[in-house]
Amino acid sequence: MFGDYSISDLGAILAMQGFAGLILFSVYVLMALGLAIIFGQMGVINMAHGEFMILGAYVTWMTSNAVQHTAPWLFPGYFFIAMILAFIASGALGMLVEWALIRHLYKRPLDTLLATWGLSLILQQAYRSIFGAREVGVELPEWMMGSWQATDAIQIPINGMFVMGLTILITIVVFYILFWSSWGKQVRAVVQNRVMAGAVGINTEKVDRYTFGLGCGIAGIAGSAFTMIGSTGPTAGQLYIVDTFLVVVFGGAASLFGTIASAFSISQTQSTLEFFLSGSMAKVITLLTIVAILMVRPQGLFALKVRK
Amino acid sequence: MINSRFFNRSELLGFLALAVLLFLILPLSLDIFRLNLVAKYLTYAFVGIGLVLCWGYGGILSLGQGVFFGLGGYCMAMYLKLEASSVANTKIQSTPGIPDFMDWNQLTSLPFFWKPFHSFPITLLAILLVPAFFALIIGAAMFKRRVGGVYFAIITQAIAAILTILIVGQQGYTGGINGITDLRTLHGWDIRTDHAKFILYFVEVVLLFGCIVAAQFIRLTKLGRILVAMREQEDRVRFSGYSVANFKIFAFCAAAVFAAIGGAMFTLEVGFMSPSFVGIVPSIEMVIYTAVGGRMSIFGAVWGALLVNFAKTSLSESFPQLWLFGLGALFIAVVLAFANGLSGIWADHVQPRIDRLLASRKSKSAAGMIADGAPAE
């Protein structure tokens with residue numbers, strides 16, 4: 001498959017596909033970060049994570065429409081507003097779900113899977129009833145379109161760089177919150193030993209609720225970013241949920257750094273292979289490689305223990 | 001407490017009730033279209049029985065049962081398709097004698113892995129052995145390394161996704177998204193007639209009861225007890241000298257074979273097989289049928305498959321909008337409130353009342369007998 005290309009061609013292809021993979025990487029990272037918090041830290045299998053993401057995408061779409069109709073001068077910057085609204089909407093829904101559903105199931109992780117699957121069905125149908133079954137797309141402001149000509153052969157899309165920068169920013173914020181703030185210490189204390197954390201005066205219920213809300217809120221931001229690479233439909237979230245779980249598991253469930261590394265390697269492998277093979281085969285090979293690696297190294301890339 | 005009888009009293013009642021329903025009431029009261037629908041629902045009951053063994057008893061939640069259902073179904077479909085694509089039937093194609101979708105995709109000869117499916121006995125063996133072998137590989141790779149619980153669920157889910165993408169992508173070899181359609185005869189016997197559907201229904205019910213008895217047998221032997229022990233205290237079983245991995249592999253393979261039988265029957269009943277019965281969504285739905293019926297009850301799994309599918313058909317016929325809301329709410333309700341599903345409700349609420357009723361009637365009649373008998377003496 002490499003036969004027809006010269007070395008410099010290959011280099012350019014790799015670079016271009018690499019940058020094309022950046023948006024995919026960013027969406028993976030944002031979705032997987034949320035999931036790594038919820039699944040890796042809290043042990044809840046949230047199958048509705050994709051639907052929280054799609055909620056963020058719909059919020060972005062609504063914001064873009066609203067801004068276009070009421071305040072066109074704001075349009076170049078609407079994306080930042082949309083992202084904040086997406087975070088708030090998904091986070092609030094997440095906290096509601098935690099209160100109504102998840103908090104009863106912390107001792108039964110496999111059952112959270114079934115219950116959140118039910119939730120995802122309900123949310124999908126709700127989106128279909130409210131927004132219609134047709135997929136909707138978001139119009140990008142002008143400064144985000146076009147691309148930056150790095151060399152003769154290499155072009156980098158601007159929205160890709162934007163989403164990339166955003167992802168880095170959010171990753172830093174999440175790391176700060178979880179590993180340096182006192183609230184993050186409480187989260188990790190609750191995860192490691194719920195009873196003891198409660199005994200030393202941490203309000204575990206509140207910590208759980210806000211942690212779940214944070215994870216879902218980041219999924220909402222992922223949905224905002226997602227509007228740049230694809231159109232939003234009621235079932236679009238389901239397409240990404242398995243990939244995202246694999247990203248988290250492959251990276252090592254408890255390690256946020258592993259999550260980012262695995263999101264990078266998976267998205268880059270997939271987008272590079274996509275150039276040489278059909279899209280479906282690229283995906284099959286990527287997923288098979290991950291599953292094969294996980295069979296040899298079940299703890300993932302960067303985690304210490306998942307053995308039961 | 002070890003019960004030496006094969007079925008205890010309430011299980012025997014459940015067995016008889018199900019037998020009467022499936023062998024007598026449904027065939028006599030439903031027209032052939034509805035009976036065929038019931039047959040389709042029952043194919044999921046096979047998967048459910050397997051899940052009861054491996055999930056309810058073994059504690060291994062597989063979200064990839066659709067893979068085995070699909071493998072069984074595709075094995076059967078390949079045989080039927082080859083029979084339907086005889087040279088005489090396909091002489092208008094540019095290459096006669098190969099399935100039509102291969103011809104559309106410019107294949108000029110039959111791929112090597114299709115060739116064994118010319119033979120009926122090999123097909124029957126393949127339906128049982130291919131999924132079992134597949135499950136063996138997955139199970140050995142995972143359980144020997146002590147991967148379990150959530151991780152196993154996610155990886156089996158990924159495998160279901162991979163297989164679906166592969167089937168859809170390799171259109172020339174698998175029929176793609178449409179699946180393998182236009183199936184006509186089984187070993188020369190036309191499966192599309194009403195009469196054939198009627199007979200296939202009974203074949204399926206007999207197979208189903210065979211699987212129920214097999215599962216009950218596994219459950220009652222020492223093997224079943226070790227599975228339960230493993231689910232509750234895996235390390236203690238390991239320290240007692242049992243090879244935990246091998247027992248898990250066995251349970252997983254058994255569940256795969258049950259699912260494959262269901263898949264093969266599905267192909268026969270419905271007349272086609274497509275990737276939409278392989279992927280993540282159908283796999284999770286199969287788990288849900290089992291959860292609704294009761295993950296600890298073999299009969300519960302059959303009832304769950306029947307009732308949820310019946311509700312799905314009738315609700316989605318009349319209220320397509322509401323159906324997904326209802327289904328979602330059902331999952332949540334089952335998980336939150338009734339962890340043991342319908343069979344749990346039956347065992348906790350209905351059974352004690354019946355027992356009490358019977359007991360009070362018995363004691364009343366006993367009292368009456370004494371009262372009646374006293375003067376005569």
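- Per an unreviewed UniProt entry, chain B carries the name Amino acid/amide ABC transporter membrane protein 2 (HAAT family) and comes from Bradyrhizobium macuxiense.

- An unreviewed UniProt entry lists chain A under the name Amino acid/amide ABC transporter membrane protein 1 (HAAT family), with Bradyrhizobium macuxiense as the source organism.
- Per UniProt, chain A has the following entry under Sequence similarities (unreviewed entry): "Belongs to the binding-protein-dependent transport system permease family. LivHM subfamily."
- In its Subcellular location (unreviewed entry) section, the UniProt entry covering chain A states "Cell membrane".

### Considerations on the overall build of chain B
Okay, so step 1: Secondary structure summary: chain B contains 15 helices and two strands in total.
Okay, so step 2: For a compact globule of 377 residues, the expected C-alpha radius of gyration is about 21 Å, and chain B comes in at 23 Å, within 12% of that figure.
Okay, so step 3: Principal-axis analysis of the C-alpha atoms places the extent of chain B at approximately 95 × 55 × 45 Å.
Okay, so step 4: When the 377 residues of chain B are sorted by exposure, 44% land in the buried category.
Okay, so step 5: Once local pairs closer than 6 in sequence are excluded, the contacts in chain B between residues at least 24 apart make up 79%.

### Re the UniProt feature "transmembrane region" (unreviewed entry) in chain B
Residue and element names in this part refer to chain B.
Okay, so step 1: Per the UniProt record, the feature "transmembrane region" (unreviewed entry) sits at residues 12-30, 42-64, 120-143, 150-169, 198-218, 239-266, 286-310 and 322-347.
Okay, so step 2: Annotated as 100% helix and 0% strand, the span residues 120-143 places its first and last C-alpha atoms 34 Å apart.
Okay, so step 3: Between the C-alpha atoms that bound residues 286-310 there is a distance of 14 Å. The span itself is 84% helix and 0% strand.

### Quick notes on the interface of chain A and chain B
Okay, so step 1: Between chain A and chain B, the residue contacts involve 35 residues of the former and 38 residues of the latter.
Okay, so step 2: The set of elements that each furnish at least two residues to the side of chain A that touches chain B consists of α4 (109-131), α9 (236-251) and α11 (279-296) of chain A.
Okay, so step 3: Looking at the side of chain A that touches chain B, its residues break down into 24 nonpolar, seven polar and four charged.

### Describing unusual backbone geometry
Residues and elements named next belong to chain B.
Okay, so step 1: Backbone geometry at Q106 places phi at a positive 60°, although glycine is not the residue there.
Okay, so step 2: Residue Q106 is classed as exposed on the basis of its 9 C-beta neighbours within 10 Å.
Okay, so step 3: Positive phi values are uncommon outside glycine, yet H187 reaches one of about 55°.
Okay, so step 4: The topology assignment puts H187 in the loop between β1 (185-186) and β2 (189-190).
Okay, so step 5: Judged by the 10 C-beta atoms lying within 10 Å of it, H187 is exposed.

### Some thoughts on helix α8 (residues 204-226) of chain A
Okay, so step 1: Between its first and last C-alpha, α8(A) extends 33 Å over 23 residues, near the 33 Å set by a 1.5 Å rise per residue.
Okay, so step 2: The element α8(A) is extensively covered by neighbouring structure, given that 18 of its 23 residues are classed as buried.

Reading the values: rules and limits
- Residues numbered from 1 in each chain as written.
- Chains lettered and ligands numbered in written order.
- Predicted model: local features only at pLDDT ≥ 70, side-chain atom pairs only at ≥ 80, totals over all residues.
- UniProt positions renumbered as here; feature names shortened; annotations may be inferred.
- Helix = DSSP H or I, 4+ residues; strand = E, 2+ residues; numbered from the N terminus.
- Rg over C-alpha atoms; globule rule 2.2 N^0.38 Å.
- Buried ≥ 20, exposed ≤ 12 C-beta atoms within 10 Å, placed from the backbone.
- Contact = placed C-beta atoms within 7 Å.
- Nonpolar A, V, L, I, M, F, W, Y, C, P; charged D, E, K, R; others polar.
- Expected span 1.5 Å × (residues − 1).

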